[in-house]
Amino acid sequence: MSYFMNPDVLLGEKLLEVLYILMGLILIYTGIKNFLDKSNPHRYGTGYFWCTLGVVISGGRFIPSLISGILIFSMTVPAVLKKVSKGKTKLPSKEYMQQMSDKLGMKIFIPALSIGVFAIIFALFTKLGALVGVGVGVFVAILILMFYSKNNKPTTFLDDAADMLGTVGPLSMLPMLLASLGAVFTSAGVGTVISSAVGKVVPQGNVVVGIIIYAFGMMLFTIIMGNAFAAITVMTVGIGAPFVFSQGANPALIGMLALTCGYCGTLLTPMAANFNVVPVAMLEMKDKYGVIKNQWFIAIFMFVFQVVYMILFR
């Protein structure tokens, strides 16, 4: 109870609420922008999708869970029917972008670096958390960009955000849903079912076999779910705790490397939209699996290396 009454923790929660509200407002802006965009062939479906997602993200803490569930389900309808599309963009010309690039040089990277710097500062020196630091870093980056050019106005960033969301499309919500799925699976007892099944094939007390199955389970479950953080809760309950940690293996070492084994699965699946589908959309690649095809060798190599490391230094 004292943790939740900690003023720093409460401040962090409030700041996160503000960030979620701002994020939701950006999504609602994107929806309204598409509603009014007559060049968008699916402006009504697109507008409904983004406005509904914005309402859920900004007001999810205040809306009854049943209503939130209905809204989330309803917004999938235009996405499934392929009625969510990208409207008119307001990107600057290539000539203007080249001109600004020549003018700023390496200073162009300062706004992006500021996001990471503030995330580290908030994580190491405050109790507010790295996520709050990322939000603060974004606002600092916006201020820096506005200082760079008077053409960078608040509407410029809103239009850029709407353009990026339009490029990615409904897949932008996939990581959020998959992350929630891990908690649902854990509550539903999926880990216990996995533990029972694995117990029938793993020799009693054989920690090496337990580590290998734990690592493979993390990679495969991440491939299915697209999110290693969602997979690790289920795999740790089902395999890690009963077949690895209980046999004397170092939980810090094994847990950390098992999570990175899951990251190897992230590199191999289109379900990990942020890493594999979004780059394809942003770079307008012809091969929708092009990113995965360039990552699979590294993923397999790192997976094997981490399994061997876990076995040797458990």
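A quick note: this is a predicted structure, and the numbers were derived from the prediction, not measured.

## Some points on the environment of Ala 197
Tracing the backbone through its elements, the reader meets Ala 197 in helix α9 (residues 190-199). Using a relative accessible area of 44% as the deciding quantity, one classes Ala 197 as partly exposed. Considering only alpha carbons, one finds Ala 197 and Gly 238, 41 residues apart in sequence, at a separation of 9.1 Å.

## Thoughts on the confidence of the model for the protein chain
Summing up the model confidence of the protein chain, the mean pLDDT is 81 and the portion of residues at 70 or higher is 91%. When pLDDT is averaged over each element of the protein chain, helix α15 (residues 296-313) comes out on top at 92 and helix α8 (residues 174-187) at the bottom at 68.

## Looking at the side chain of Gln 306
Considering the arrangement of structural elements, one finds Gln 306 in helix α15. In terms of polar contacts, Gln 306 uses its side chain to reach the side chain of Thr 260, at 3.0 Å. Ignoring any residue separated from it by four or fewer positions in sequence, one finds Gln 306 in contact with Leu 257, Thr 260, Cys 261 and Cys 264.

## Overview of the packing of helix α12 (residues 251-266) against α15
The geometry of α12 relative to α15 is characterised by a closest axis approach of 9 Å and an angle of 165° between their N-to-C directions. One way to sum up the angle between α12 and α15 is to call them roughly antiparallel. Crossing of α12 over α15 shows left-handed handedness. Of the residues in α15, those touching α12 at Leu 253, Ile 254, Leu 257, Ala 258, Thr 260, Cys 261 and Cys 264 are Ala 299, Met 302, Phe 303, Gln 306, Val 307, Tyr 309, Met 310 and Phe 313. Taken together, the residues that form the contact of α12 with α15 break down as 13 nonpolar, two polar and no charged.

## What to know about helix α11 (residues 228-243)
When the terminal C-alpha atoms of α11 are compared, their 20 Å separation across 16 residues is substantially less than the 22 Å that a helix rising 1.5 Å per residue should span. Along α11, the largest kink reaches about 55° and is centred on Thr 236. Residues of α11 that are buried: Ala 228, Ala 230, Ala 231, Ile 232, Val 234, Met 235, Gly 238, Ile 239, Gly 240 and Phe 243.

## A word on the packing of helix α5 (residues 110-125) against helix α6 (residues 130-148)
The geometry of α5 relative to α6 is characterised by a closest axis approach of 7 Å and an angle of 150° between their N-to-C directions. Taken together, α5 and α6 sit at an angle that is classed as roughly antiparallel. Relative to α6, the crossing made by α5 is right-handed. Counting all contacts with α5, which are made through Ile 110, Pro 111, Ser 114, Ile 115, Phe 118, Ala 119, Phe 122 and Ala 123, the residues of α6 involved are Ala 130, Val 132, Gly 133, Val 134, Val 136, Gly 137, Val 138, Val 140, Ala 141, Ile 144, Leu 145 and Tyr 148.

## Brief notes about the environment of Val 136
In this structure, Val 136 sits in helix α6. Distance in space between the C-alpha atoms of Val 136 and Leu 19 is 9.1 Å, their sequence separation being 117 residues. Among all residues touching Val 136, those that are not within four sequence positions of it are Phe 118 and Phe 122.

## Thoughts on a nonpolar patch on the surface
A cluster of nonpolar side chains, Trp 296, Phe 297, Ile 298, Ile 300, Phe 301, Met 302, Val 304, Phe 305, Val 308, Tyr 309, Leu 312 and Phe 313, forms an exposed patch at the surface whose accessible area comes to about 1200 Å². Here Trp 296 is to be found in helix α15. Under the relative-accessibility criterion, Trp 296 is labelled partly exposed at 48%.

## Here's the deal with the pattern of salt bridges
Applying the stated criterion to the full structure yields two salt bridges. Note that Lys 293 and Asp 287 form a salt bridge whose closest N and O atoms lie 2.8 Å from each other. A relative accessible area of 51% places Lys 293 in the exposed class.

## Observations regarding the packing of aromatic side chains
The tally for this structure, following the rule as stated, stands at seven aromatic pairs. On the basis of an interplanar angle of 90° and a centroid distance of 6.0 Å, the ring pair of Trp 296 and Phe 297 is categorised as edge-to-face. Since its relative accessible area comes to 57%, Phe 297 is described here as exposed. Considering the side-chain rings of Tyr 309 and Phe 313, the 4.6 Å spacing of their centres and the 40° angle between planes classify their relative orientation as tilted. Here Phe 313 and Tyr 309 lie together in helix α15, a separation of four residues that amounts to about one turn. Its relative accessible area of 35% is what places Tyr 309 among the partly exposed residues. One aromatic cluster is present, built from ring pairs that chain together Phe 305, Tyr 309 and Phe 313.

## Focus on empty space enclosed by the protein
Applying the stated rule across the entire model yields one cavity of 30 Å³ or more. Looking at the largest cavity, it is lined by 13 residues, and the ones nearest its centre are Lys 33, Asn 34, Gly 87, Lys 88 and Ala 162. Put simply, the parts of the chain that give the lining of the largest cavity at least two residues each are α1 (7-35) and α7 (154-168).

Calculation criteria
Residues numbered from 1 in each chain as written. Predicted model: local features only at pLDDT ≥ 70, side-chain atom pairs only at ≥ 80, totals over all residues. Heavy atoms only, no water. Helix = DSSP H or I, 4+ residues; strand = E, 2+ residues; numbered from the N terminus. Buried < 20%, exposed > 50% of the residue type's maximum accessible area, 1.4 Å probe, protein only. pLDDT = per-residue confidence, 0-100. Polar contact = N/O pair within 3.5 Å; in protein donor to acceptor, adjacent residues only side chain to side chain. Contact = heavy atoms within 4.5 Å. Axes fitted to C-alpha atoms, helices over the stretch in contact; angles between N-to-C directions. Parallel < 35°, antiparallel > 145°, perpendicular 65-115°, else oblique. Left-handed = near helix turned anticlockwise from the far one by under 90°. Nonpolar A, V, L, I, M, F, W, Y, C, P; charged D, E, K, R; others polar. Expected span 1.5 Å × (residues − 1). Bend = angle between axes of the 7 residues up to and from the residue. Patch = residues over 30% accessible without salt bridge, like charges linked within 9 Å, V, L, I, M, F, W, Y side chains within 5 Å. Areas by Shrake-Rupley, 256 points an atom, 1.4 Å probe, with all protein chains shown as cover. Salt bridge = Lys/Arg side-chain N within 4 Å of Asp/Glu carboxyl O. Phe/Tyr/Trp six-rings, centres within 6.5 Å; stacked < 30°, edge-to-face > 60°. 1 Å grid on protein atoms, 1.4 Å probe; cavity = no way out; pocket = protein on both sides within 12 Å on 5 of 7 lines; lining within 4 Å. Points joined across faces, edges and corners; volume = space filled by probe spheres on them.

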